[in-house]
Amino acid sequence: MNQVILTGTGLFTPAESISNEELVESFNNYVEKFNSENAAAIEAGEMEALAPSSVAFIEKASGIKSRYVMDKKGVLDTDIMCPRIPERGNDEPSLLAEMGVNAAKQALEEAQLDANDIDAVLVACANLQRAYPAISIEIQDLLGIDGFAFDMNVACSSATFGIQTGYDMIRSGSAKRVMMLNTEVCSGHLNFRDRDSHFIFGDVATAVILEDAELAKNKQGFEIVDTRLVTKFSNNIRNNFGFLNRTAPENRDDDDKLFIQEGRKVFREVSPMVAQLITDHLADNNLQASGLRRMWLHQANRNMNDFIAKKVLGYDPTEDDQPTVLDEYANTSSAGSIIAFHKHKDDFKAGEMGVICSFGAGYSAGSVIVRRAG
Ligand code: COA
């Protein structure tokens, strides 16, 4: 089996950001307007009044303080409450491909590679903007890469599933150098009129380069020590959007065609599942949690990550043990753990180890143990 090394990462961050204060003000204006327009029905008990959102709740319950978005104006406009992203012609790059290319170029630079050194492109994300052709094939074309490309969707866990897929391809020899991207316009599938979830997501794109270690030019990369994936069916995070929606037009615009979740149940069920996955994964590689320099966890909820890291490490984690990026980026679905890795990997010394871990809908979770080379 070929050894595999991760030699580059890239991050595309949208230009616009929305603070909790701005988001809550817009949401509460919507609530006030809704309640006043429906005052008679609410008074008569025929309709429930909507409750306002609060910055204090959002920060305490999730740790999120802001999120980047591709269109701030549409999201904050109480008559729209959705990003407005004009449709592009088929001869123009799609939005996801454009975001992905931006992240890819950074990752290639760190890996000291040209695009034509890559022979496989994977887009692994939760929110693909169209059915086909694959966004990854479009990115392959925009960058001028030979070989093959495909898209895969394992929701928020997609990054670790993508890394394992690339790792397996390089180990077996079906590819030498793989580019794995996580392109997310989560604002497009978020219901900004839903108090329980309107604050959760942000937009971003990340990229990772995996190589056959013998070919790597960047000798300071991270060896992939081992990967492990797990899935267990649950309806607690769900999005029923799909091409069959048009066959039932009476339900086409229902709330379940956007992101919905039972957040409390997700928190209770997924946190122990993830802690167990990492603990077992380390043990099966004869590694101790005390040997980990850092964990780059999926960025959904600060309290959830503190719980998982404490369970694995056996003590209250510091920011250095388990860095947070969701305060600034919110939940960026598949990209979260890779943003954390991208921003918090350069201080690693040769031989130090860490775990990249993503988790989410499915349920699904993945653990990637890495060791700094060089
Ligand atoms: N502003 C103010 N109050 C709010 C609110 C808002 N925006 N949204 C909900 N509340 C209220 C609820 O109505 C509830 O009130 P009650 O106690 O009077 O009934 C209370 O706050 C607690 O709601 P709950 O939904 O139980 O909050 P929580 O502490 O579980 O936090 C999440 C909600 C979503 C932040 C949290 O459950 C979470 O992040 N879970 C994990 C989700 C996850 O990882 N998903 C993966 C997606 S990829």
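Keep in mind that what you see is a predicted model, and the values were worked out from it rather than measured. (Residues numbered from 1 in each chain as written. Predicted model: local features only at pLDDT ≥ 70, side-chain atom pairs only at ≥ 80, totals over all residues. Heavy atoms only, no water.)

## Observations concerning the site of the ligand
Of all residues adjacent to the ligand, which total 18 residues, the nearest are Cys156, Arg195, Gln261, Arg264 and Asn301. The side chain of asparagine 301 places a nitrogen or oxygen atom 2.7 Å from an oxygen atom of the ligand. Its free accessible area being 980 Å², the ligand has 71% of it covered by the protein chains. When contributions to the shell around the ligand are tallied by element, the ones reaching two or more residues are helix H3 (55–62) and helix H8 (263–284). Looking at the shell around the ligand residue by residue, the classes come out as 8 nonpolar, 7 polar and 3 charged. (Near = heavy atom within 4 Å. Polar contact = N/O pair within 3.5 Å; in protein donor to acceptor, adjacent residues only side chain to side chain. Areas by Shrake-Rupley, 256 points an atom, 1.4 Å probe, with all protein chains shown as cover. Helix = DSSP H or I, 4+ residues; strand = E, 2+ residues; numbered from the N terminus. Nonpolar A, V, L, I, M, F, W, Y, C, P; charged D, E, K, R; others polar.)

## Thoughts on the nonpolar core
Ranked by size, the top nonpolar core spans 48 residues in total, and within it Val274, Ile278, Leu282, Met295, Ile308, Val312 and Phe359 carry the most contacts. For this core, the secondary structure elements donating two or more residues are helix H1 (20–37), H8, strand E11 (292–297), helix H9 (302–313), strand E12 (353–360) and strand E13 (364–372). In terms of residue count, the dominant contributor to this core is H8 (8 residues). For valine 274, the contacting residues outside a window of four places in its chain are Ile308, Cys357, Phe359 and Ala365. (Core = buried A, V, L, I, M, F, W, Y, C linked by side-chain atoms within 4.5 Å. Buried < 20%, exposed > 50% of the residue type's maximum accessible area, 1.4 Å probe, protein only. Contact = heavy atoms within 4.5 Å.)

## A short note on the packing of aromatic side chains
Counted according to the given criterion, the structure contains 11 aromatic pairs. Geometrically, the ring pair formed by tyrosine 68 and tyrosine 329 is tilted, given 4.9 Å between the ring centres and 50° between the ring planes. Taken together, the positions of tyrosine 68 in strand E3 (residues 66–69) and tyrosine 329 in helix H10 (residues 326–329) put the pair 261 residues apart, joining distant regions of the chain. For the pair formed by tyrosine 68 and tyrosine 329, the shared burial category is buried. Between phenylalanine 222 and tryptophan 296 the ring centres are 6.3 Å apart and the planes differ by 90°, which places this aromatic pair in the edge-to-face class. Placement of the pair is phenylalanine 222 in strand E8 (residues 222–231) and tryptophan 296 in strand E11, with a sequence separation of 74 residues. As far as the burial class goes, phenylalanine 222 and tryptophan 296 line up, both buried. A connected cluster of aromatic rings, assembled from ring pairs, spans Phe222, Trp296, Phe341 and Phe348. (Phe/Tyr/Trp six-rings, centres within 6.5 Å; stacked < 30°, edge-to-face > 60°.)

## Quick word on the environment of phenylalanine 267
Within the element layout of this structure, phenylalanine 267 appears in helix H8. Note on phenylalanine 267: relative accessible area 25%, which makes it partly exposed. Note: C-alpha distance between phenylalanine 267 and alanine 300 (33 residues apart in sequence) is 9.7 Å. Discounting residues that sit within four places of it in the chain, phenylalanine 267 has contacts with Pro272, Asn301, Asn303 and Met304.

## A short note on the pairing of strand E1 (residues 4–12)
Across the 9 residues that make up E1, a large majority, 9, are buried. By the bridge criterion, 2 bridges tie E1 to E8 in an arrangement that is antiparallel. In the sheet register, leucine 6 faces E8, and the bridge partner there is phenylalanine 222. (Pairing = 2+ DSSP bridges.)

## Here we look at the sheet that holds strand E7 (residues 203–212)
Strand order across the open sheet formed by 9 strands is E5-E4-E6-E7-E1-E8-E13-E12-E11, with mixed pairing between neighbours. Each edge of the sheet is formed by a strand with only one pairing partner; in this case those strands are strand E5 (148–152) and E11. Neighbour-to-neighbour, the strand axes of the sheet open up by a mean angle of 25°, direction not taken into account. H8 rests against E8, E11, E12 and E13 of the sheet, and its axis sits at about 40° to E13. Sitting on the sheet, helix H11 (residues 336–343) is in contact with E1, strand E6 (177–185), E7, E8, E11 and E12, with an inclination near 100° to E1. (Axes fitted to C-alpha atoms, helices over the stretch in contact; angles between N-to-C directions.)

## Observations regarding unusual backbone geometry
Across the junction of tyrosine 132 and proline 133, the peptide omega takes the value 0°, indicating a cis bond. For proline 133, the location among the structural elements is in the loop between strand E4 (120–124) and helix H6 (135–143). Geometrically, the link from glycine 362 to tyrosine 363 is a cis peptide bond, its omega value of -15° lying close to zero. Relative to the assigned elements, tyrosine 363 resides in the loop between E12 and E13. Of note, the phi angle at glutamine 112 is positive, near 60°, even though the residue is not glycine. Inspection of the secondary structure puts glutamine 112 in the loop between helix H5 (95–111) and E4.

## Considering the side chain of threonine 227
Take threonine 227: it is sitting in strand E8. What makes threonine 227 buried here is its relative accessible area of 10%. A polar side-chain atom of threonine 227 sits 2.8 Å from a polar atom in the side chain of glutamine 164. The contacts of threonine 227, once residues within four sequence positions are left out, are Gln164, Tyr167, His281, Ser367 and Val368.

## Here's the deal with H8
Under the 1.5 Å per step criterion, the end-to-end length of H8 is 31 Å for 22 residues, consistent within 8% with the ideal 32 Å. Every buried residue belonging to H8 is among Val266, Val270, Ser271, Met273, Val274, Ala275, Leu277, Ile278, His281 and Leu282, and all of these are buried. Following H8 by one or two positions, asparagine 286 has its phi on the positive side, about 55°. (Expected span 1.5 Å × (residues − 1).)

## Quick word on a negative patch on the surface
A surface patch of like charges, here negative, comprises Glu250, Asp253, Asp254 and Asp255. Looking at the element boundaries, aspartate 253 is found in the loop between strand E9 (237–238) and strand E10 (260–261). The exposure class of aspartate 253 is exposed, given its relative accessible area of 71%. (Patch = residues over 30% accessible without salt bridge, like charges linked within 9 Å, V, L, I, M, F, W, Y side chains within 5 Å. Salt bridge = Lys/Arg side-chain N within 4 Å of Asp/Glu carboxyl O. Lys, Arg positive; Asp, Glu negative; His and termini not counted. Charge placed at Lys NZ, Arg CZ, Asp CG, Glu CD.)

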